Amino acid sequence: MATKATITFDSDSPPIDLPILKGSLGTDVIDIRSLGKHGYFTYDPGFMSTAACNSDITFIDGEQGLLYYRGYPIEQLAENCDFLEVSHLLLHGELPNVDQREAFVSTIKQHTMLHDQMSNVFRGFRRDAHPMAVMIAVVGAMAAFYPDNNDVSDPALRKTAAIRLLAKVPTIAAWSFKYNLGQPFMYPKNKLGYAENFMHMMFATPCEEYTPNPILAKAFERILILHADHEQNASTSTVRLVGSSGANPFACIAAGIASLWGPSHGGANEATLNMLEEMGDVSRIGEFIKRAKDKSDSFKLMGFGHRVYRNMDPRASIMRKTCHEVLNELGLHDDPMFKLAMELEKIALEDDYFVTRKLYPNVDFYSGIVMRAMGIPNSMFTAIFALARTAGWISQWCEMNADPEQKIGRPRQLYTGAERREFLALHER
Ligand code: CMC
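Note that the coordinates shown come from a computational prediction; the quantities given were computed from them, not determined experimentally.

What counts as what
Residues numbered from 1 in each chain as written. Predicted model: local features only at pLDDT ≥ 70, side-chain atom pairs only at ≥ 80, totals over all residues. Heavy atoms only, no water. Helix = DSSP H or I, 4+ residues; strand = E, 2+ residues; numbered from the N terminus. Rg over C-alpha atoms; globule rule 2.2 N^0.38 Å. Contact = heavy atoms within 4.5 Å. Areas by Shrake-Rupley, 256 points an atom, 1.4 Å probe, with all protein chains shown as cover. Near = heavy atom within 4 Å. Polar contact = N/O pair within 3.5 Å; in protein donor to acceptor, adjacent residues only side chain to side chain. Nonpolar A, V, L, I, M, F, W, Y, C, P; charged D, E, K, R; others polar. Buried < 20%, exposed > 50% of the residue type's maximum accessible area, 1.4 Å probe, protein only. Pairing = 2+ DSSP bridges. Phe/Tyr/Trp six-rings, centres within 6.5 Å; stacked < 30°, edge-to-face > 60°. Lys NZ or Arg CZ within 6 Å of the ring centre and 35° of its normal. Disulfide = S-S within 2.5 Å. Salt bridge = Lys/Arg side-chain N within 4 Å of Asp/Glu carboxyl O.

(A) A look at the overall build of the protein. On a plain count of helices and strands, the protein comes out with 17 helices and six strands. For 429 residues, the compact-globule formula gives about 22 Å, and the C-alpha radius of gyration of the protein, at 23 Å, lands near that figure. When its C-alpha atoms are laid out on the principal axes, the protein stretches across 80 × 65 × 55 Å. The contacts of the protein with a sequence gap of at least 6 include a subset with a gap of at least 24, amounting to 70%. Just so you have it, the protein exposes about 21400 Å², and 53% of that area is on carbon and sulfur atoms.

(B) Representation of the site of the ligand within the structure. Inspection of the region around the ligand gives 22 residues, with His265, Leu301, Phe304, Arg307 and Tyr353 positioned closest. Lys295 has a polar side-chain atom sitting 3.0 Å from an oxygen atom of the ligand. Between the ligand and the protein, one listed contact pairs an oxygen atom with a side-chain N or O atom of Arg357 at 3.0 Å. Its free accessible area being 940 Å², the ligand has 77% of it covered by the protein chains. A class-by-class count of the residues in the shell around the ligand yields eight nonpolar, seven polar and seven charged.

(C) Summary view of the pairing of strand E5 (residues 66-69). Side chains Leu67 and Tyr69 project from E5 onto a buried face, and the interleaved Leu66 and Tyr68 project onto a face without burial. The pairing of E5 with strand E6 (residues 72-73) spans two bridges and is classified as antiparallel. Across the sheet, the residue bridging to Tyr68 is Pro73, located in E6. If you look at the hairpin formed by E5 and E6, you'll find two residues sitting between the two strands, and Arg70 has a positive phi there, around 50°.

(D) Up close: the packing of aromatic side chains. Taken as a whole and judged by the stated rule, the model has 17 aromatic pairs. Arranged with centres 5.7 Å apart and planes meeting at 80°, the rings of Trp175 and Tyr187 form a pair that is edge-to-face. Taken together, the residues Trp175 in helix H6 (residues 155-181) and Tyr187 in the loop between H6 and helix H7 (194-203) connect sequence positions 12 residues apart. Here Tyr179 and Phe185 contribute two aromatic rings whose centre-to-centre distance is 6.5 Å and whose plane-to-plane angle is 25°, an arrangement assigned as stacked. Using a relative accessible area of 6% as the deciding quantity, one classes Tyr179 as buried. Linked through ring pairs, Phe122, Trp175, Tyr179, Phe185 and Tyr187 together constitute an aromatic cluster. We note Arg127 situated over the ring of Tyr179; from NZ or CZ to the ring centre the distance is 4.0 Å.

(E) Representation of the state of the cysteines. Across all of its chains, the model carries zero disulfides by this definition. Its sulfur unpaired, Cys252 is 11 Å from the next cysteine sulfur, which belongs to Cys398.

(F) Geometry of the pattern of salt bridges. Counted under the stated rule, the structure contains 21 salt bridges. In this structure, Arg33 engages Asp31 in a salt bridge whose closest nitrogen and oxygen atoms are separated by 2.8 Å.

(G) Structural detail: the sheet that holds E6. Ordered in space as E4-E5-E6, the three strands form an open sheet in which the pairing is antiparallel. In this open sheet, the two strands that pair with only one neighbour each are strand E4 (58-61) and E6.

Quick look at the structure:
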């Protein structure tokens, strides 16, 4: 196995040797840090071939369709764990034993309420504000309510920030929905499980008790586990880049939420259901597929494709199964929208354009359908993705802050603008 790579030039410049770094799994990495000293940068828009950090948290093999959190295959975690156990794994590196689990869950439960004054932050918004806009603001505002966490140099305080975020983000997400509806905010109920409590805060009212359906609560835990972390994706890289300047954890997570909102990333689950609604009927599938293939049309089939997975996304396989369980439980298999989604999946999986480009339905295709079946409005889908991904973001943020190699993120560029020119006074231009 090569241990160094050598760059040679078609000029007199001497060759440059670069070390090759090996991870425990996955692609080897050429360490190009010394290149700048030789007068070169590398060019990689979209970070197609760039490792920006080292990380012990999540491993993906896109060719084989593998996803591991801390070495555990996602299938085993989704089958056997709840979301807080997985959050413990991401944050602390190990699945908790019985005592650790009890302590972790109880600590999270002590922090589920928001500072009472925070309800005023919600009230500054229009009632029709998108829940993601509200979440970005309220999570960012936590820096003003919990200023002790603004010191990022103390590992113990970083862990407190992680606990606060894991505990409070579900309350923030559910309240952004209640605010849309014009219903009173529901306080967390700490005797409930994490997913059940979120469902309670979403669907209960002060006049109606709400008993979460255990099958739906399990499906919800699974959605959270599958979305909890995904290596150095756009939003996680955003969290790391913002955090690299020493910014407080709430600002970093608010930035992650902002990045997640885009339809190419977490916004895809909402965009998928909006697309299905626009399609309306099986008879229009051909028209949408034609548009997706047309290079002069920017339209993409939402919920299909992935930057890393060139095989079935393992999360999508699990979510697909969960989707059928939920549709069966709710007797929704004949619902026209779900029939349309299943027909679209079938047609796209057989279509040569999608087959040759290895464009499979991704996790957001199925999670959107499950959440819709559960009565969650489209506008909340990405907010729920953000709530799940908070576990990964804050674990990655803690890891970055503890990394001795951590530096402020500062990419370089290939400048293509005007060369030096002389200033002209206004009347001379
Ligand atoms: N519909 C139609 N064509 C597509 C699609 C799609 N959904 N996705 C990719 N392609 C085509 C693309 O045009 C390109 O074609 P060609 O080789 O002829 O130029 C080819 O497939 C390769 O795609 P790419 O643009 O190189 O892929 P990328 O890695 O830059 O983009 C993606 C990945 C996820 C942004 C893209 O597939 C997409 O926009 N999908 C729809 C949005 C979506 O569902 N996003 C959720 C991702 S999963 C959740 C998450 O992790 O955030």
